[in-house]
Amino acid sequence: MFILKNAWISIKRNKGRNILIGIIILIIACACTITLAIKNTAVDLIDSYKSAYDKEVTIGFNRENMMKGFDPSQEEGRESAREKFDNIASYTISDVEKFADSDYIESYYYTYGVGLNGNSIEKAEIESNNDMPNGFGHGRENNMSSTDFTLTGYSSQDAMSEFISGAYTMSEITDNAWDIAFNGNYIFINEELASYNNLKLNDKVKLEDEDGNVYEFEIIGIFKENEEDNQESMSMFSNSVNTIITNSEAVVKLTDGNENLKASIHPTFIINSYDNVEKLQDEFYEKGLDENFILQTNEELAESGVSSVKNISSFSTSFLIITLIIGGIVLFVINMINIRERKYEIGVLRTIGISKLKLTMQFVAELVIVSVIALTLGAGIGAVSSKGVSNSLLANEISSSNEKTEEINKNFGGINHDGARGGMHGKGMPVVQAYDSIDAVVDIKVLIELLSIGLSLVLVSSIASMVSIQRFSPLTILKERS
Amino acid sequence: MANKNNYVSKDKLGKNISKKEIKVKTKEDNELKEKKEIKEKNTSAKNVILSIKNASYRYSDAEEDDYALKNVSFDFECGKLYAIRGRSGTGKTTLLSLISGLEKCTEGEIIFAGKSLKDMNLDKYRNSDIGIVFQSYNLLPFMTASENIILSMDANGLKIKSKKEKAIELMEKVGLKASYANRKVLRLSGGEQQRVAIARSLSYNPKMIIADEPTGNLDKQTESEILEIFKKLAHEENKCVIIVTHSQNVCDTVDKIYDLKKVKDVN
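Residues numbered from 1 in each chain as written. Chains lettered and ligands numbered in written order. Predicted model: local features only at pLDDT ≥ 70, side-chain atom pairs only at ≥ 80, totals over all residues. Heavy atoms only, no water.

1. Focus on the overall build of chain A
Per the secondary structure count, chain A includes 18 helices and ten strands. By residue count, 49% of the 482 residues in chain A fall in the buried class. Pairs at least 24 apart in sequence give 83% of the contacts found in chain A among residues at least 6 apart. Counting only carbon and sulfur atoms, one obtains 52% of the accessible surface of chain A, whose full area is about 24,000 Å². (Helix = DSSP H or I, 4+ residues; strand = E, 2+ residues; numbered from the N terminus. Buried < 20%, exposed > 50% of the residue type's maximum accessible area, 1.4 Å probe, protein only. Contact = heavy atoms within 4.5 Å. Areas by Shrake-Rupley, 256 points an atom, 1.4 Å probe, with all protein chains shown as cover.)

Here it is as structure tokens:
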């Protein structure tokens, strides 16, 4: 009580100095509130944005590993690289099931593709070379490029990422399509292919492999590919015109016992955290995955939409650190001056028997009282200003980001990559919607952080008074005064 | 003849006293005298509140044999007014700082109420056992007279209902008007400030008052008045009052004077 009473008397007595300290702390508090509010809101936005995506892992080639020791100028080098590529141990459905049995994996799905020729139908001719169907960016596509059609088998509805993303939409479908789609020889075909071959729902379609084995399928749905995902193609048909969709079991049946018909599996694993990807990769290697494969995540894509917010968040952090350093130094200096001015008072108080500890606590209490008042005011002002400041910062970020995108597009000859961002990936990611405003909120978390930062700053800057009080000899001070 | 030889003296009543009787009487007288001396000594020992035993002090940055104070031994009793006298450089202020616990003896020890200062909490000692009065008053200028006195009560942790009333009472005791209570100390004269300092030193009723040149800055008239206060505190309130001084007027007032000599003179 004595400490607080004396601290309060001193604050009232040294109004000028305490107002100065208060203003400095107010400015620091204001800056901290704004930056903390922006930072926390940005982090929340990033988290919620990322959580809107499944954390996906796919298997891709480890190109770096494969290119080790490769010398393209030497015929031998090319030959050995080709040999290396051919010898990469592929993975099968049972391997995928084995990989999926992991603590890091929540669920999985896959597409299973095989190349077949038309028997009762004709391939829709495509003029450009850019005709590789989506969904086969990974794995080994042995015989698909030379065949008429790509038969893609999905393990579940979850795996049909093109439909989830809106890249494909079903235009016609039988009533019981989804009841039978994953169990039997049923297919969905592109509406252009249907029109090219005059096909309709419930028609039978015959396809054959290179050995002449014929397989019959029934059409239960007709889909179309969205124009947005078709912009890159120079063909009159969409990319997926010769893609026939079925279930993975149908593909498995086709390939069973037919060594010449090699299928390509493309699994997608939903993991619980991106932090575990390395551990998961090691686990896959232990379970027999060839080391020329590597795990790839969709983290980068998930983050691309929040790059502007991330920039602001990191700018906020830097600004916060600089503010705290400068504020800390200023407060420390003011405290030093304060102590020098109050040396006589310290001497008298020590002489009448006030302990060093009590005196130190009194000086710290003075600073804490002023700080708490200034921090409260600063938090209030910061709360009001944070939204405006954050949105104006973001506006600049977005405009500079757009300029960069346009520049990249020009480098690629003016083709608009941005519009096809979701579809280009081809694995069902929704087209990335970037944020264009932040509602920075000063919540209890920000206030607690502000209070912790403020009080830490006060304590650090009080070191001057603490050390001086320990060092001063009351008698020397009083003698100097006399 | 034998009877004649036996009676060699007469007592106060004219009665003859033999040699043997004289011997016994002398022994009894001696015993009584011894008892009286021991009793007096004990009474005096009981009254000793502060005892300085072979105290020496050397500044931390001084050479090994460069003492500011060497082998000082004094005893101070309750109810008496003392003066410690000495020329400049004899270590008067150093001795005061040792007594008040602001510095610690390099050698020897100081015993207060049977306890060595080395074993005591010196902050507590300063805010409850002794009161210190300085030549330059050492009041806090931004406070009023009563606030300075109350501050000292607070430092002591004194729990009374109205500290301000107590402060005014103390001010009146040292000859200050109650109306001065709310006056900033800088608006008081030197003598008045010194009275406030004395009132402050009395605020927690210490057993001993130590004053360093308390009248050094005051005129003769005020000096006498201040000395009168100290005298009353010693003789009427049974306090031990020690005044460090070189003023002859002060020395003429006190009960006992201790002289401090320069260390080199002592050597």
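2. Side note on the overall build of chain B
Within chain B, the secondary structure is distributed over ten helices and eleven strands. Expressed as a percentage of its 267 residues, the buried residues of chain B come to 48%. Taking contacts inside chain B between residues at least 6 apart in sequence as the whole, the part at least 24 apart equals 69%. Just so you have it, chain B exposes about 14,600 Å², and 46% of that area is on carbon and sulfur atoms.

3. Details of the interface of chain A and chain B
Quoted interface sizes are often the accessible area lost when the parts come together. Facing the 23 residues of chain A at the interface are 23 residues of chain B. The largest contributions to the chain A side of the interface with chain B come from T351, I352 and L475 of chain A, which together make up 30% of the buried area. Between chain A and chain B we count two salt bridges in total. A salt bridge links D154 of chain B to K5 of chain A; its shortest N-O distance comes to 2.8 Å. Inspection of the region where chain A meets chain B yields six residue pairs in polar contact (both at pLDDT 80 or more). Listed by contribution, the elements that provide at least two residues to the side of chain A that touches chain B are α1 (2–13), α13 (343–351) and α18 (474–481) of chain A. Broken down by class, the residue content of the side of chain A that touches chain B amounts to ten nonpolar, six polar and seven charged. (Buried area = accessible area lost by both parts, 1.4 Å probe. Salt bridge = Lys/Arg side-chain N within 4 Å of Asp/Glu carboxyl O. Polar contact = N/O pair within 3.5 Å; in protein donor to acceptor, adjacent residues only side chain to side chain. Nonpolar A, V, L, I, M, F, W, Y, C, P; charged D, E, K, R; others polar.)

4. Here's the deal with the sheet that holds strand β3 (residues 48–57) of chain B
Here four strands make up an open sheet; going across it, the order is β4-β3-β6-β7 (chain B) and the pairing antiparallel. Only two strands of the sheet have a single partner each, and these edge strands are β4 (69–77) and β7 (115–116) of chain B. (Pairing = 2+ DSSP bridges.)

5. So, the packing of helix α16 (residues 444–461) of chain A against helix α17 (residues 463–471) of chain A
All names here are of chain A. α17 packs onto α16 with a crossing angle of 30 degrees between their chain directions and a minimal axis gap of 4 Å. Put simply, α16 runs roughly parallel to α17. Along the contact surface, α16 presents L459, V460 and S461, while α17 presents I463, A464 and M466. Along the lines of polarity and charge, the residues of the contact of α16 with α17 split into five nonpolar, one polar and no charged. (Axes fitted to C-alpha atoms, helices over the stretch in contact; angles between N-to-C directions. Parallel < 35°, antiparallel > 145°, perpendicular 65-115°, else oblique.)

6. Focus: a nonpolar patch on the surface
All names here are of chain A. On the surface, a cluster of nonpolar side chains totalling about 850 Å² of accessible area is made up of I321, I325, I329, F332, V333, M336, I337, V460, I463 and V467. Of all the secondary-structure elements, those providing two or more residues to the nonpolar patch are α12 (307–341) and α17. Counting residues per element, the nonpolar patch draws most heavily on α12, at seven residues. Within the secondary structure layout, V460 lies in helix α16. (Patch = residues over 30% accessible without salt bridge, like charges linked within 9 Å, V, L, I, M, F, W, Y side chains within 5 Å.)

7. Quick notes on the sheet that holds strand β8 (residues 130–133) of chain B
Residue and element names in this part refer to chain B. Taken together, the five strands give an open sheet; going across it, the order is β8-β9-β10-β5-β11, and neighbouring strands pair in parallel fashion. The two strands at the open ends of the sheet, each matched to only one other strand, are β8 and β11 (256–260). The average angle at which neighbouring strand axes cross in this sheet is 20 degrees, direction not considered.

8. A word on the packing of helix α5 (residues 145–156) of chain B against helix α7 (residues 190–202) of chain B
All names here are of chain B. Contact pair α5 / α7: the axes reach a minimum separation of 8 Å and the direction vectors enclose 25 degrees. What the angle tells us is that α5 and α7 run roughly parallel. In this structure, α5 meets α7 at a crossing whose hand is right-handed. Seen from α5, the contacting residues are A145, N148, I149 and S152; seen from α7, they are V196, A199 and R200. Taken together, the residues of the contact of α5 with α7 break down into four nonpolar, two polar and one charged. (Left-handed = near helix turned anticlockwise from the far one by under 90°.)

9. Some thoughts on the packing of aromatic side chains
Tallying each qualifying case throughout the model produces 17 aromatic pairs over all chains. Ring pairing ties together the aromatic residues F99, Y108, Y110, F269 and F284 of chain A, which thus form one cluster. Here R13 of chain A stacks its cationic end above the ring of F142 of chain B, 3.2 Å away from the centre of that ring. (Phe/Tyr/Trp six-rings, centres within 6.5 Å; stacked < 30°, edge-to-face > 60°. Lys NZ or Arg CZ within 6 Å of the ring centre and 35° of its normal.)

10. Some remarks on the confidence of the model for chain B
In low-pLDDT regions, the fine details of the predicted coordinates are not to be read closely. All names here are of chain B. The predicted model of chain B has a mean per-residue pLDDT of 84, with 87% of residues at 70 or higher. In this model residues 1–5 is a low-confidence stretch, pLDDT under 50, and it forms zero contacts with partners more than four residues away in sequence or in other chains. Reported confidences for the modelled complex are a pTM of 0.59 and an ipTM of 0.78. (pLDDT = per-residue confidence, 0-100.)

11. Comments concerning a negative patch on the surface
Taken together, the side chains of E278, D282, E286 and E291 of chain A present a region of like negative charge at the surface. Within the secondary structure, E286 of chain A is located in helix α10 (residues 277–286). (Lys, Arg positive; Asp, Glu negative; His and termini not counted. Charge placed at Lys NZ, Arg CZ, Asp CG, Glu CD.)

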